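Observations on the model geometry
For reference, the chains in residue letters:
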Amino acid sequence: MKINAINILFCVLLSACTSAGVIHEPPRATSAESAVDVRIHNLIPSGNVTFSIDDVKIYGFVEPSHFDFVLDAGTYMFGYEKGGRECHAEVNLTSGNAYVFNLEPDCVIEMQ
């Protein structure tokens, strides 16, 4: 019985570390005038990738795909973590624009 409890606890902890989908909602745009459309493309071929904004985990990718959201214009620190390695890039978003960022291997966050 003790082994089953340990196995269940291990599975719960493992699933918490490898979350897929929305982990925390991104900050909401406060007005239509300041809104910026953002798309994050995960181009990393395998494994779990966790995207963050200002060091808050936002979205977990388990395969190459994309995540769309709306933010206020401003400067943010975008980042991602894969396999314990953290990568960051400061981005400046201007209202009225739409942005696409690629998460690429070798710690690259590139705007298209």
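Here the structure is shown first, and the text comes after it.
About the criteria used
Residues numbered from 1 in each chain as written. Predicted model: local features only at pLDDT ≥ 70, side-chain atom pairs only at ≥ 80, totals over all residues. Heavy atoms only, no water. Pairing = 2+ DSSP bridges. Helix = DSSP H or I, 4+ residues; strand = E, 2+ residues; numbered from the N terminus. Core = buried A, V, L, I, M, F, W, Y, C linked by side-chain atoms within 4.5 Å. Buried < 20%, exposed > 50% of the residue type's maximum accessible area, 1.4 Å probe, protein only. Contact = heavy atoms within 4.5 Å. Disulfide = S-S within 2.5 Å.

Another aspect to go through is the sheet that holds strand β4 (residues 56-61). Spatially, 5 strands are ordered β1-β4-β3-β6-β7 in an open sheet, and the strand pairing comes out antiparallel. A strand with exactly one partner marks an edge of an open sheet, and here the two such strands are β1 (21-22) and β7 (85-93). As judged from the 4 bridges shared by strand β3 (residues 49-53) and strand β6 (residues 74-82), these two strands associate in the antiparallel manner. Counted as the bridge partner of S52 is G79 from β6.

Counting residues in hydrophobic clusters, the biggest one holds 24 residues, and the most contacted among them are V38, I40, F51, F69, F78, L93 and F101. Counting residues per element, this core draws most heavily on β7, which supplies 4 residues. Those residues within four positions of I40 in sequence are excluded, and the remaining contacts are F51, F61, S65, H66, F67, F69, F78, F101 and L103.

Scanning all chains against the criterion turns up 1 disulfide. The disulfide that involves C87 links it to C107, with 1.8 Å between the sulfurs. Residues C87 and C107 share a disulfide whose torsion about the S-S bond is about -95 degrees; that sign makes it left-handed. In this pair, C87 is assigned in strand β7 and C107 in the loop between β8 (98-104) and β9 (108-111), connecting sequence segments 20 residues apart. Overall, the relative accessible area of 3% leaves C87 in the buried class. Of the residues examined, C107 reaches a relative accessible area of 28% and is grouped as partly exposed.

For D54, which is not a glycine, the phi torsion comes out positive at approximately 50 degrees. Position of D54 among the secondary structure elements: in the loop between β3 and β4. Phi at C107 takes a positive value of approximately 60 degrees, unusual for a residue other than glycine.

Relative to the elements of secondary structure, T50 occurs in strand β3. Leaving out residues up to four positions away in the same chain, T50 has contacts with I23, K57, Y59, G60, G79, Y80 and E81.

Note: β1 against β4, 2 bridges, orientation antiparallel. Directly across from G21, in β4, lies its bridge partner G60. Here β3 runs beside β4; their pairing, made up of 5 bridges, is antiparallel. When the bridges of β4 are listed, F51 appears paired with Y59. Between β3 and β4, which follow one another and run antiparallel, lie 2 residues, and D54 among them has a positive phi close to 50 degrees.

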